[in-house]
Amino acid sequence: GESVGLHLPTLSVQEGDNSIINCAYSNSASDYFIWYKQESGKGPQFIIDIRSNMDKRQGQRVTVLLNKTVKHLSLQIAATQPGDSAVYFCAENMVGRGSSNTGKLIFGQGTTLQVKP
Amino acid sequence: KAGVTQTPRYLIKTRGQQVTLSCSPISGHRSVSWYQQTPGQGLQFLFEYFSETQRNKGNFPGRFSGRQFSNSRSEMNVSTLELGDSALYLCASRPYSGELFFGEGSRLTVL
C-alpha cells in the first residue's frame, strides 16, 4: 500500500507539464510492480510494469522508477494531456515458482490526477 | 478480441440476500481473479482461479466464494449480504501469467 507520508490523494497539473505520482509499497518480498490507470466507470487499465531487478523502465510517455532501498515506486508522465485525467494505482506482486507472477495484487490507495487545460 | 465481460453491471440487493456475479475472460485466458473496490478500502483481492482450481485467496469471510468452469468463465457468490458488501466487484483475466486485464465491474448496492 501507500504510506501516508508519500501518498498524495490528488495531483493537479497543467496540460503539457510532467506529472510524477508516488507510491510506497509494503512488502519487501514483492518483486513485480505495476501501474494501473482507472477512468471513471471503467476497470483498471495496465500502464507499465517493472521487475525488481530493474530500477527504471520506459514506455510511451511514461517512466516507472523503482527504489527498493526505500520501497518506493514512481510513475512519471511526460507532457500530461487531458486524457491522462484518472485515478492511478500502483500494485505489487510476488513472482511465484517458475517465474510466473500470480493474480494476487496488492493495490495502493490511488492518486487522482487532474489535468488543467 | 473481446475484453473481459462482467454481468450484471449494476444490481441492488437487500441485506440477507445472496448474489451471483459472472465473468467471461478474454478468449484464451485461463486465469481469472476477482477484486472488491470500495472508497474506504480501495482494491482488495478476493480470489484467483486457474483451470477450475482456486489458486489464491484473499482475506474475506467465507460468505464470499467463487468458482471457475471448464470454459474459464467464472462466477463469484456472496451470501447473507451486509451493507458493507456494497462495492464495485472487478474481474480480471490473463493467459497464465503477465498483466491482468480488468473488466468494467459489477456495481453492487446493498440496502
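Computed from a predicted structure; not experimentally measured. (Residues numbered from 1 in each chain as written. Chains lettered and ligands numbered in written order. Predicted model: local features only at pLDDT ≥ 70, side-chain atom pairs only at ≥ 80, totals over all residues. Heavy atoms only, no water.)

1. Considering the overall build of chain A
The helix and strand tally for chain A stands at zero helices and ten strands. Ordered by position from the N terminus, the helices and strands of chain A form the series β-β-β-β-β-β-β-β-β-β. Out of the 117 residues belonging to chain A, those deemed buried represent 44%. Taking contacts inside chain A between residues at least 6 apart in sequence as the whole, the part at least 24 apart equals 56%. (Helix = DSSP H or I, 4+ residues; strand = E, 2+ residues; numbered from the N terminus. Buried < 20%, exposed > 50% of the residue type's maximum accessible area, 1.4 Å probe, protein only. Contact = heavy atoms within 4.5 Å.)

2. Quick notes on the side chain of Gln37(B)
One can find Gln37(B) in strand E4 (residues 31-38). The residues contacting Gln37(B), other than those within four sequence positions of it, are Gln38(A), Phe89(A), Gly42(B), Leu43(B), Ala87(B), Leu88(B) and Leu90(B).

3. Section: the side chain of Asn93(A)
For Asn93(A), the position within the fold is in strand E8 (residues 86-93). A polar atom in the side chain of Asn93(A) sits 2.6 Å from the backbone oxygen of Lys104(A). (Polar contact = N/O pair within 3.5 Å; in protein donor to acceptor, adjacent residues only side chain to side chain.)

4. Notes on the state of the cysteines
Residue and element names in this part refer to chain B. Considering all chains together, one arrives at two disulfides over all chains under this definition. Each disulfide pairs two cysteine sulfurs, and for Cys-23 the partner residue is Cys-91, the sulfurs being separated by 1.8 Å. Because the sign of the S-S torsion sets the handedness, a value of about -65° for the bond joining Cys-23 and Cys-91 places this disulfide among the left-handed ones. Note that Cys-23 is positioned in strand E3 (residues 19-24) and Cys-91 in strand E9 (residues 87-94), a separation of 68 residues in sequence. For Cys-23, a relative accessible area of 0% corresponds to the buried category. (Disulfide = S-S within 2.5 Å.)

5. Re the sheet that holds strand E7 (residues 64-68) of chain B
Residues and elements named next belong to chain B. Taken in spatial order, the four strands line up as E1-E3-E8-E7 in an open sheet, and their pairing is antiparallel. Whereas interior strands pair on both sides, the edge strands pair on one side only; in this sheet they are strand E1 (5-7) and E7. The average angle at which neighbouring strand axes cross in this sheet is 15°, direction not considered. Of the strand pairs in this sheet, E1 and E3 are connected by three bridges, and their pairing is antiparallel. Counterpart to Thr-5 in the pairing with E3 is Ser-24. (Pairing = 2+ DSSP bridges. Axes fitted to C-alpha atoms, helices over the stretch in contact; angles between N-to-C directions.)

6. Let's talk about the environment of Gly108(A)
Residue and element names in this part refer to chain A. Along the chain, Gly-108 falls in the loop between strand E9 (106-107) and strand E10 (111-116). Residue Gly-108 is classed as buried on the basis of its relative accessible area, which comes to 2%. Between the C-alpha atoms of Gly-108 and Cys-23, which are 85 residues apart in sequence, the distance is 7.2 Å.

7. Focus on the pattern of salt bridges
Counted under the stated rule, the structure contains ten salt bridges over all chains. In this structure, Arg57(A) and Asp49(A) form a salt bridge, with 2.2 Å as the shortest nitrogen-oxygen distance. Of the residues examined, Arg57(A) reaches a relative accessible area of 35% and is grouped as partly exposed. Glu104(B) serves as the salt-bridge partner of Arg9(B), at 3.1 Å between the closest nitrogen and oxygen. With Arg9(B) in the loop between E1 and strand E2 (10-13) and Glu104(B) in the loop between strand E10 (101-102) and strand E11 (106-110), this residue pair connects regions lying 95 residues apart in the sequence. What emerges from the salt-bridge pattern is a single network uniting Glu48(B), Arg55(B) and Arg94(B). (Salt bridge = Lys/Arg side-chain N within 4 Å of Asp/Glu carboxyl O.)

8. A look at the interface of chain B and chain A
Across the contact, 24 residues belong to chain B and 17 residues belong to chain A. Together chain B and chain A conceal approximately 1,500 Å² of surface at their shared face, both sides included; 51% is due to carbon and sulfur atoms. Of all residues in chain B, Leu43(B), Glu99(B) and Phe102(B) bury the most surface against chain A, accounting for 31% of the area lost on that side. Run the count over chain B and chain A and you get zero salt bridges. Counting across the interface, chain B meets chain A through two residue pairs in polar contact (both at pLDDT 80 or more). (Buried area = accessible area lost by both parts, 1.4 Å probe.)

9. Considering the nonpolar core
In globular proteins that are soluble, nonpolar side chains generally tend to be buried together. Counting 21 residues, the largest nonpolar core has Trp34(B), Leu46(B), Phe64(B), Met76(B) and Tyr89(B) as the members making the most contacts within it. When residues of this core are traced back to their parent elements, those giving at least two are E3, E4, strand E5 (42-50), strand E8 (74-78), E9 and E11 of chain B. With near-sequence residues (within four places) excluded, Met76(B) lies in contact with Val19(B), Thr20(B), Leu21(B), Trp34(B), Leu46(B), Phe47(B), Phe64(B), Ser65(B), Gly66(B) and Tyr89(B). Val13(A), Ile21(A), Val64(A) and Ala86(A) belong to the second largest nonpolar core, which has 20 residues in total. (Core = buried A, V, L, I, M, F, W, Y, C linked by side-chain atoms within 4.5 Å.)

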